[in-house]
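# Results of the structural survey
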Amino acid sequence: MSVVKSLALITALTLPAMAAAKPPLRDVKEIDNELYYIAIANEISEYCPSISGRRMKAIGVMWGLRNTANKMGYSDSEIRAYVESDAEKDRMRAKGEAYLAQHGVSYGNPNSFCTLGRAEIERNSAIGVYLKAN
């Protein structure tokens, strides 16, 4: 067997195994966590009238996350499926609501969103970097 045929055979056999070895995007912490931070910041900015979201920053980061995922071997359709998945949206919402409740935020009290938002901005936290006081 020629070297070229051997390389083609090895490539054909290993590529599916490499593709199958990719973890679900929800398990890629550098992507999932950043989307979580953006989601929390968005929720804070939606409920607190004195805090705005840094939307352009979030959009730029999301493009970067897409590029990172592409470099890790995820296709645009895999990324889209993850971002648009109802199950993933529900998981992210539950995780976010738990974080908000843990920090004393109540949907019945919009000021509680402001209190958390100001604290996140002050700490320059992973969430706070996506927020700005009006």
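Structural data are supplied above this passage.
Residues numbered from 1 in each chain as written. Predicted model: local features only at pLDDT ≥ 70, side-chain atom pairs only at ≥ 80, totals over all residues. Heavy atoms only, no water.

On to the environment of I31, then. Along the chain, I31 falls in helix α2 (residues 29-47). Along the primary structure I31 and A69 are separated by 38 residues, whereas in three dimensions their C-alpha atoms are 7.7 Å apart. Residues in contact with I31, not counting those within four places in the same chain, are L25, L65, A69, M72 and Y82. (Helix = DSSP H or I, 4+ residues; strand = E, 2+ residues; numbered from the N terminus. Contact = heavy atoms within 4.5 Å.)

Next up on the list: the side chain of E120. Its place among the elements puts E120 in helix α6 (residues 110-123). Here the side chain of E120 touches S125 through a polar contact of 2.3 Å, side chain to side chain. With sequence-adjacent residues up to four places away left out, E120 is seen in contact with Y99, S125, I127, G128 and L131. (Polar contact = N/O pair within 3.5 Å; in protein donor to acceptor, adjacent residues only side chain to side chain.)

Going through the model one piece at a time under the given rule, you end up with 5 aromatic pairs. Ring centres of Y36 and Y99 lie 6.3 Å apart, and the angle between their planes is 85 degrees; this geometry places the pair in the edge-to-face category. Placement of the pair is Y36 in helix α2 and Y99 in helix α5 (residues 86-102), with a sequence separation of 63 residues. The exposure class assigned to Y36 is buried, which follows from its relative accessible area of 9%. Considering the side-chain rings of Y47 and F113, the 4.7 Å spacing of their centres and the 15 degrees angle between planes classify their relative orientation as stacked. Note that Y47 is positioned in helix α2 and F113 in helix α6, a separation of 66 residues in sequence. We classify Y47 as partly exposed; its relative accessible area is 34%. Judged by its relative accessible area of 0%, F113 falls in the buried class. Taken together through their ring pairs, the aromatic side chains of Y36, Y37 and Y99 make up a single cluster. Here the basic side chain of K57 rests over the ring of Y130, its NZ or CZ set 5.8 Å away from the ring centre. Here the guanidinium or amino end of K95 rests over the ring plane of Y36, the centre of that ring lying 4.4 Å away. (Phe/Tyr/Trp six-rings, centres within 6.5 Å; stacked < 30°, edge-to-face > 60°. Buried < 20%, exposed > 50% of the residue type's maximum accessible area, 1.4 Å probe, protein only. Lys NZ or Arg CZ within 6 Å of the ring centre and 35° of its normal.)

Interhelical geometry of α2 versus α5 gives an angle of 60 degrees and a closest axis separation of 10 Å. On the basis of their axis angle, the class for α2 and α5 is oblique. Note that α2 runs across α5; the crossing there is right-handed. Packed against α2, whose contacting residues are D32, N33, L35, Y36, A39, I40 and E43, the element α5 presents R91, M92, R93, K95, G96, Y99 and L100 at the interface. Of the residues belonging to the contact of α2 with α5, the class tally is 7 nonpolar, 2 polar and 5 charged. (Axes fitted to C-alpha atoms, helices over the stretch in contact; angles between N-to-C directions. Parallel < 35°, antiparallel > 145°, perpendicular 65-115°, else oblique. Left-handed = near helix turned anticlockwise from the far one by under 90°. Nonpolar A, V, L, I, M, F, W, Y, C, P; charged D, E, K, R; others polar.)

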